[in-house]
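An overview of the molecular structure
The primary structure of each chain is shown beneath.
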Amino acid sequence: LAELLGGGGKVVMLRYQEGSASTMNREAGFLEAIAEHPDIEVVSAHQYGGATRESAQDAAENLLAGLLAQGVAIDGVFTPNESTTYGMMRALDDKGLLGTVRFVGFDASPALVEAMREGKIHGLTVQHPFNMGYLGVTTMVAHLRGEPVERRIDTGAVMVTPENMDDPDQRELLNPDLERWLGR
């Protein structure tokens with residue numbers, strides 16, 4: 001997001017939900033990284049979207065309405081999971097800001113991928129779901145066999161952008177060939 005903004009501007013982060021360790025870590029990582037850019041001001045980082053797309057959209061609409069009513073121009077947005085990304089996408093669209101505000105989210109769904117293809121979302125951090133499953137199963141088997149296992153395992157994540165979304169590796173992450181994986 002900092003790169004998209006050229007190192008300056010006003011940004012918001014719509015958090016997911018209190019108590020979710022993975023998204024809390026993503027949120028903290030975002031704030032830590034964005035703090036390295038002194039010309040970027042985080043104007044809101046304390047609103048929670050909740051667990052559903054609908055609650056995230058409501059929270060995003062309220063967040064945007066409040067900031068816009070105060071005359072705050074928003075240059076960038078970060079969201080830490082699929083539901084907040086989707087909800088923020090809808091809220092930005094309702095305000096006529098989708099595509100003009102630099103928008104980076106986490107996770108992918110068909111609607112988010114389509115919005116990225118249309119230039120309305122500028123980046124999605126995407127995990128490797130099949131690698132996550134594979135590592136989960138092989139780690140559990142090793143554990144059950146009494147073999148040593150790592151306490152933490154990085155299953156990988158990739159920043160997918162409109163520029164690289166059609167590269168074979170990213171395309172597979174965004175739209176996996178389920179028939180291949182299911183053996184049909």
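To be clear, the structure that these remarks concern was listed above.
In this report, the structure presented in the accompanying data block is examined.

Calculation notes
Residue numbering note: each chain is counted from 1, following its sequence as written. With pLDDT at 70 or above as the cut-off, local features in this predicted model cover only qualifying residues; side-chain atom pairs require 80 or more to be listed or tallied, and sums for whole chains, interfaces and linings still use all residues. Heavy atoms throughout the structure, all of them, feed into the side-chain values; hydrogens and water do not. Only DSSP runs of H or I reaching four residues or more are called helices, and only runs of E reaching two or more are called strands; each is numbered from the N terminus. Definition of a polar contact: a pair of N or O atoms within 3.5 Å, with one able to donate and the other able to accept a hydrogen when the atoms are protein atoms, and with sequence-neighbouring residues admitted only if both atoms are side-chain atoms. Note on contacts: a residue pair is in contact if any heavy atoms of the two residues lie within 4.5 Å. Working definition: a ring pair exists when centres of Phe, Tyr or Trp rings (six-membered ring for Trp) sit within 6.5 Å. Plane angles under 30 degrees give stacked, over 60 give edge-to-face, the rest tilted. Relative accessibility under 20% of the residue-type maximum defines a buried residue, over 50% an exposed one, and the middle range a partly exposed one, all with a 1.4 Å probe and only protein chains included. Criterion for a charge above a ring: Arg CZ or Lys NZ at most 6 Å from the ring centre, at most 35 degrees from the ring normal. The arc in question is formed by the directions pointing from the helix axis toward the C-beta atoms.

Within the element layout of this structure, S83 appears in helix α3 (residues 82-94). A polar atom in the side chain of S83 sits 3.0 Å from the side chain of N81. In this structure, S83 is in contact with Y16, G50, A51, T52, R53 and A56, ignoring residues within four places of it in sequence.

For D107, which is not glycine, the phi torsion reads 85 degrees and is therefore positive. Along the chain, D107 turns up in the loop between β4 (102-106) and α4 (110-117).

This part is about the packing of aromatic side chains. Within the structure shown, the criterion is met by one aromatic pair. Centre to centre, the rings of F30 and F78 are 4.6 Å apart; their planes meet at 10 degrees, and the pair counts as stacked. Here the residue F30 occupies a position in helix α1 (residues 21-34), and F78 occupies one in strand β3 (residues 76-78), the gap between them amounting to 48 residues. Both residues of the pair, F30 and F78, count as buried. Above the face of the F106 ring, R26 is positioned so that its terminal group lies 3.7 Å from the ring centre. Directly above the aromatic system of Y86 lies the positively charged group of R53, at a separation of 3.8 Å from the ring centroid.

In this section: α4. Within α4 the residues assigned to the buried category are L112, V113, A115 and M116. Buried residues of α4 fall within an arc of 160 degrees about the axis and therefore sit on the same side. Within α4, the exposed residues directed more than 90 degrees away from the buried face are P110 and R117. In the core, the buried residues of α4 are packed alongside α3, β5 (123-127), β6 (157-160) and α6 (168-174). G119 sits one or two residues past α4 and shows a positive phi near 80 degrees.

What follows is about the environment of D75. If you trace the backbone, D75 turns up in the loop between α2 (53-69) and β3. Residues D75 and T100, 25 residues apart in the sequence, show an inter-C-alpha distance of 8.0 Å. What D75 contacts, discounting residues up to four positions off in sequence, is L5, G9, K10, V101 and R102.

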